[in-house]
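What follows is the residue order along each chain.
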Amino acid sequence: MQPKMAIAAGTITNSAPEISITPDITPKSQDGYSENQERHGEHLTSNTLLFFIAVCTLLLAFSLFRNNRRKAFLSDALASGQASYEQMQWLIAVLDNFPGMVLICDANGKPLLSNRAYNDCLANNISQLGDSPSAFISANNCQSDECVISDKYYRISREVVRHNDGHQYHITVFADFTELKQRKQELKLSQQQAVEALKARESFLAIISHELRTPLTAMIGLMELLKPELKSSQNLELMQNAQTSAERLKALVNDLLDFSKMEANQLQLDAYQGNIFDEVGSMLRTLEAGASVKGLDFRVDWQPTIFCHAELDWLRLSQIVNNLVGNAIKFTKQGSVKVSIANTEQRLYLSIEDSGCGMTQSQLLRLFQPFVQGDPSINRNYGGTGLGMSIVKHLVQLMGGEINVESRQGHGTLVCVNMPVKFRPLELRFMTDIKTENDKLQSWLKQWRDNSCPSGEIATHSIAVQALELCQNIYPDQLLRALSWPNKSEQADAPKTKRYTGKVLVADDDPINRFLFQKQLKKLGLEVVTVNDGQEALNYLAQHSTSIDLLLTDCHMPNLNGYDLVRQLRARSEFKALAIIGCTAEDSRLVAEKAQSVGMDEIIYKPYTFNSLSDALGRYCQLQAIESDLDKLEWLNAYEIEEQLEFSAVVKDSLIADKAQLLEQSLPLTAISHRIKGAANTLNLTELASLAYACETVSSSNAPLATKQLIDEIDAVIAAINNWLSKQYL
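Rules and cut-offs
- Residues numbered from 1 in each chain as written.
- Predicted model: local features only at pLDDT ≥ 70, side-chain atom pairs only at ≥ 80, totals over all residues.
- Heavy atoms only, no water.
- Phe/Tyr/Trp six-rings, centres within 6.5 Å; stacked < 30°, edge-to-face > 60°.
- Helix = DSSP H or I, 4+ residues; strand = E, 2+ residues; numbered from the N terminus.
- Buried < 20%, exposed > 50% of the residue type's maximum accessible area, 1.4 Å probe, protein only.
- Lys NZ or Arg CZ within 6 Å of the ring centre and 35° of its normal.
- Pairing = 2+ DSSP bridges.
- Axes fitted to C-alpha atoms, helices over the stretch in contact; angles between N-to-C directions.
- Contact = heavy atoms within 4.5 Å.
- 1 Å grid on protein atoms, 1.4 Å probe; cavity = no way out; pocket = protein on both sides within 12 Å on 5 of 7 lines; lining within 4 Å.
- Points joined across faces, edges and corners; volume = space filled by probe spheres on them.
- Nonpolar A, V, L, I, M, F, W, Y, C, P; charged D, E, K, R; others polar.
- Parallel < 35°, antiparallel > 145°, perpendicular 65-115°, else oblique.
- Left-handed = near helix turned anticlockwise from the far one by under 90°.

(A) How the structure looks around the packing of aromatic side chains. Following the criterion strictly, the structure yields 7 aromatic pairs and no others. Seen in terms of ring centroids, Tyr-118 and Phe-174 are 6.1 Å apart; in terms of plane orientation they differ by 45°. Their pairing is tilted. On the criterion of sequence distance, the pair formed by Tyr-118 in helix H2 (residues 116-124) and Phe-174 in strand E7 (residues 168-176) is long-range, its members being 56 residues apart. Take Tyr-118: its relative accessible area is 0%, and that puts it in the buried class. Ring geometry for Phe-277 against Trp-302: centres 5.8 Å apart, planes inclined by 70°, an arrangement best described as edge-to-face. Taken as a pair, Phe-277 in helix H7 (residues 276-293) and Trp-302 in strand E9 (residues 297-302) lie far apart in primary sequence, 25 residues in all. Each of the two residues, Phe-277 as well as Trp-302, counts as buried. Among the aromatic residues, those joined into a cluster by ring pairs are Phe-277, Trp-302, Trp-444 and Trp-448. Note that Arg-155 overlies the ring of Phe-177, its terminal NZ or CZ placed 4.0 Å from the centroid. A cation sits over an aromatic face here: Arg-285 above Tyr-475, 5.2 Å from the ring centre.

Below, the structure written as structure tokens:
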């Protein structure tokens, strides 16, 4: 049998051999199926409800979880927002209190943030500038570093900041510097007014100095020409007083001019070769004479040294010494003034000590201030402008030196000056051992003898040295002249008038100056032509180009001034070699530079002396050949020709009689020498007077040699007179 399986109505029957399964399709079976279905449906419904509840629970839990996270996030966001708000408020507060205007824009220039100052300024200028900050910046041309807004000045600074959000922010700061700008403008205006005032003062001082120096030059020059013509002692005394007053006025004008040059930084040094013995010694002797008139004890302590030659502005050094020593004498009514000088190879030391009125501490503090004196009574009692010490300090500092002042009221004053100076040694050769009883003289002689130079000037004359033994102060220049006398031609104190050859053209608009130049130049032996201004000088030179040897021109003249005159002359080939000397009352570095730039060979400053004019001309004019004995007859020039003949015979006879007495020794040597010295000084026979003085003071052992030298000089003077007389009768 084949197995057989039958499936009916949800019943599964598995047939096996001999077994059969037959579905039960009875009413009772139908009821059981329905009941199972109901139970199955209830079971499904319960499961679905549970699943729904589970899902709702999950959803509720998830919703609660999300709500908690959202609440935490919102809390954090709220806290962060609060912090950002606080930071923003802090930033705004900082910007509002910033001393200036601040604007923050994005990369496109859109304003993002600005402070109160900026907003207020924008609001105040909205009608003129528009209602946007960008228009505000543009309207005020604020693309530069500075701008002006409503009469206020702002300095603009810009900065680009990169934020971590990737954006760029442009920060513009307007710093108000109106007050600084106004102060700067006020300072500039004040400075300009000060400069203008300084220029006005300088101009005034220069004009006053020029206007004073021009007539002062004529006064001094005319008095120099007139003095040799005076015969009576009364007239000579009057002339001497007039010259002294002129020198005081000259010193005052020089102080004013020096001060104006100091203020304009034009005070300059003019260094030249010189000897400190000669430059300072003669001036100290003049000051010693002034101290003697007041009855003061004037002492000079000059330390012996061989160093004396140097290149220095000796005129300015003399000005310093003269001012300091002059002040010591002026402010000392009784007592003493001591001048100490010491110079090494590298430095010069100078001190002036007096026993005068002294100064208080407050007066010391004002000592170097211009136009300031210790108290108002000083000007009434002593005179002066209060410029001297200010100028002295400036000169000392200009020379690289230092000045110190110590003073106690009622106990005197001590002034010390030291400055760098490169000195060269004196060259002197001693032929004999010169002895003297004077310790100071012996110290100088020992210093020079110990450093004797084999090729130096010979020093042998002990007689003349002995004449200095009685002197209170030893001046090395006098000692040098005594040692080299009579070999040294410069021994005479009075300079001899030189005479030159040549023709000089003088251009000056002042008639008195032209007259003075004419007299001075003729006295020097020169032929003179005068014109009124530069144009006349140019015309004259065009017609007489070969006959003029030197042009002497004033620098300031109408029509054509001296500078333009020289400039035009140097542009023409025929005048390139013409010697030209300028003359001006302006003494400054600018004048010297201008004179040199236009082609002037030299410039002299008013008021000049006759000797300084002679020295300047001597550098360009040929010296006349002068007979050797004419210098012994200069005293004849003070007389007319008839008087010259008579007076020369009187002098000759007197000298012959003196010679006879010297040879016969009928009178004491001192008496004869004293008489000869007086007569020789009257005639300005300086060499004869020196020899007579040596005989008057010589020791008995050296008397024969001194007498012989005096007789030889008398013979020389007599021979000169005989030679002159012989020419008068040809």
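Read on for the rest.
(B) Main features of the sheet that holds strand E4 (residues 111-114). The strand order E4-E3-E7-E6-E5 describes an open sheet built from 5 strands, whose pairing is antiparallel. Lying at the two open borders of the sheet, with one neighbouring strand each, are E4 and strand E5 (146-149). Between one strand axis and the next, the sheet turns through 30° on average, direction left out of account. Direction of pairing for E5 relative to strand E6 (residues 152-162): antiparallel, over a ladder of 4 bridges. Among the inter-strand pairings, Ile-149 is bridged to a residue of E6, identified as Lys-152. Running at roughly 95° to strand E3 (residues 100-106), H2 makes contact with E3, E4, E5 and E7 of the sheet.

(C) Examining empty space enclosed by the protein more closely. Applying the stated criterion to the full structure yields 1 cavity of 30 Å³ or more. In this structure, the largest cavity occupies an estimated 40 Å³ of space. If you trace the largest cavity, you find it lined by Ile-276, Val-280, Leu-317, Val-321, Ile-341, Leu-348, Tyr-349 and Leu-350. Elements with a contribution of two residues or more to the lining of the largest cavity: H7, helix H8 (314-330) and strand E12 (347-354). Among the elements that line the lining of the largest cavity, the one with the most residues is E12, at 3 residues. For the lining of the largest cavity, a count of residues per class yields 8 nonpolar, no polar and no charged.

(D) How the structure looks around the packing of helix H6 (residues 233-263) against helix H11 (residues 388-398). It is at 10 Å that the axes of H6 and H11 come closest, and there the two elements cross at 50°. Put simply, H6 runs oblique to H11. Helix-helix and strand crossings are classified by hand; for H6 and H11 the assignment is left-handed. Each of Asp-255, Asp-258, Phe-259 and Met-262 in H6 lies in contact with H11, whose residues at this interface are Ser-390, Ile-391 and His-394. The residue makeup of the contact of H6 with H11, split by class, is 3 nonpolar, 2 polar and 2 charged.

(E) Examining the sheet that holds E9 more closely. Strands sit in the order E9-E11-E12-E14-E13 across an open sheet of 5 strands; the sheet is mixed. Either end of the sheet is taken by a strand with one partner, and the two such strands are E9 and strand E13 (402-408). Going from strand to strand, the sheet's axes swing by 10° on average, the running direction of each strand aside. Bridge count for E9 against strand E11 (residues 336-343) is 6 bridges, and the pairing is parallel. Paired with Asp-301 across the strands is Ser-340, a residue of E11.

(F) Molecular detail of the packing of H8 against H11. For the pair H8 and H11, interaxial distance at closest approach is 10 Å and the crossing angle is 140°. Here H8 is positioned oblique relative to H11, judged by the angle of their axes. In this structure, H8 crosses over H11, and the sense of that crossing is left-handed. Here Arg-316, Gln-319, Ile-320, Asn-323, Leu-324 and Asn-327 of H8 come into contact with H11, specifically with Gly-388, Met-389, Ile-391, Val-392, Leu-395 and Val-396. Grouping the constituent residues of the contact of H8 with H11 by class yields 7 nonpolar, 4 polar and 1 charged.

(G) Quick look at the environment of Lys-330. By the secondary structure assignment, Lys-330 is in helix H8. Under the relative-accessibility criterion, Lys-330 is labelled partly exposed at 27%.

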